Amino acid sequence: MKIFADTADVEAIREAHACGFIDGVTTNPQLVADTDQSYEAVVRGIDEFLEGPISVQVTASSEAGMIEQAREFDTWGDDIAIKIPMTKPGLKALDTLSDEGYKTNATVLFSPVQALFAAKNGATFVSPWWGDANDAGFNGFDLVRDVIEIYDSYDFDTEVLVASIRNPRYVAESAKIGADIATIPPFVFDMFWENPMTGAFIDNIMDHWGDRGDPAEGA
Ligand code: E4P
């Protein structure tokens, strides 16, 4: 299973990347708006050190506008996935961009049928939004599981990229049901780094070790 970072905070991505297991990045205009950089500067900053796809989301709402933006975004890095919301113009733009060989990420996706159509139109990735689906009163886990089941039934190459992850449990559940990718925001990475059980047991071990000193120096 691949792990992506879900943020436009270049330093947070660099920090997570230094831990060795980051395979890609997802961004969106909302995340970029929270930085003081242009979208292009953010993407170029990530591209300097990351080997792996960077999802860059269109702001245009028309098919032609999305395609025009995609062509520009693709010049910002070596491995750009054009992130396209699953509207009717979005599905049409996805079809054109897939035919032209662009990497794509079908996003703002809340129904298994949207995922079916996206795969038929050649999407590289589909992003079901688990947490936001839950917030809206739907079942985000069922959404992800249904998409995986449909793709397995028809052998689509499209990869299932679980988005809107709110805690580590979402990552474990995604892995258990065979999702290809989980994209994780910095606040969820913090929950991994600061696992309270791990911290408590390290404290317990070190309390017993006491003042014996450094084992590498013979203690
Ligand atoms: C997807 O790629 C989005 O960036 C993100 O996962 C949306 O999730 P949120 O609305 O929970 O932040």
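Residues numbered from 1 in each chain as written. Predicted model: local features only at pLDDT ≥ 70, side-chain atom pairs only at ≥ 80, totals over all residues. Heavy atoms only, no water.

A. How the structure looks around a negative patch on the surface. A contiguous patch of negative charge, built from Asp9, Glu15, Asp190 and Glu194, is present on the exposed surface. Looking at the element boundaries, Asp190 is found in helix H10 (residues 186-193). (Patch = residues over 30% accessible without salt bridge, like charges linked within 9 Å, V, L, I, M, F, W, Y side chains within 5 Å. Areas by Shrake-Rupley, 256 points an atom, 1.4 Å probe, with all protein chains shown as cover. Salt bridge = Lys/Arg side-chain N within 4 Å of Asp/Glu carboxyl O. Lys, Arg positive; Asp, Glu negative; His and termini not counted. Charge placed at Lys NZ, Arg CZ, Asp CG, Glu CD. Helix = DSSP H or I, 4+ residues; strand = E, 2+ residues; numbered from the N terminus.)

B. Structural view of the pattern of salt bridges. For the coordinates displayed, the defined rule picks out 10 salt bridges. The salt bridge partner of Glu40 is Arg44, with a shortest N-O separation of 2.8 Å. Of this pair, Glu40 and Arg44 both sit in helix H3 (residues 39-47), four residues apart, roughly one helical turn. As a salt-bridge pair, Arg169 and Glu173 come within 2.6 Å of each other at their nearest N and O atoms. With Arg169 and Glu173 both in helix H9 (residues 168-176), this residue pair falls four residues apart, about one helical turn. Among the ionic contacts, a cluster of salt bridges with common partners joins Asp132, Asp135 and Arg166.

C. Representation of the site of the ligand in the model. Around the ligand sit Asp6, Thr26, Asn28, Lys83, Trp129, Asp132, Ala163, Ser164 and Arg166, and those are all the residues in its vicinity. Interatomic distance of 2.7 Å between a side-chain N/O atom of Asp6 and an oxygen atom of the ligand. Taking 340 Å² as the accessible area of the ligand by itself, protein coverage stands at 81%. (Near = heavy atom within 4 Å. Polar contact = N/O pair within 3.5 Å; in protein donor to acceptor, adjacent residues only side chain to side chain.)

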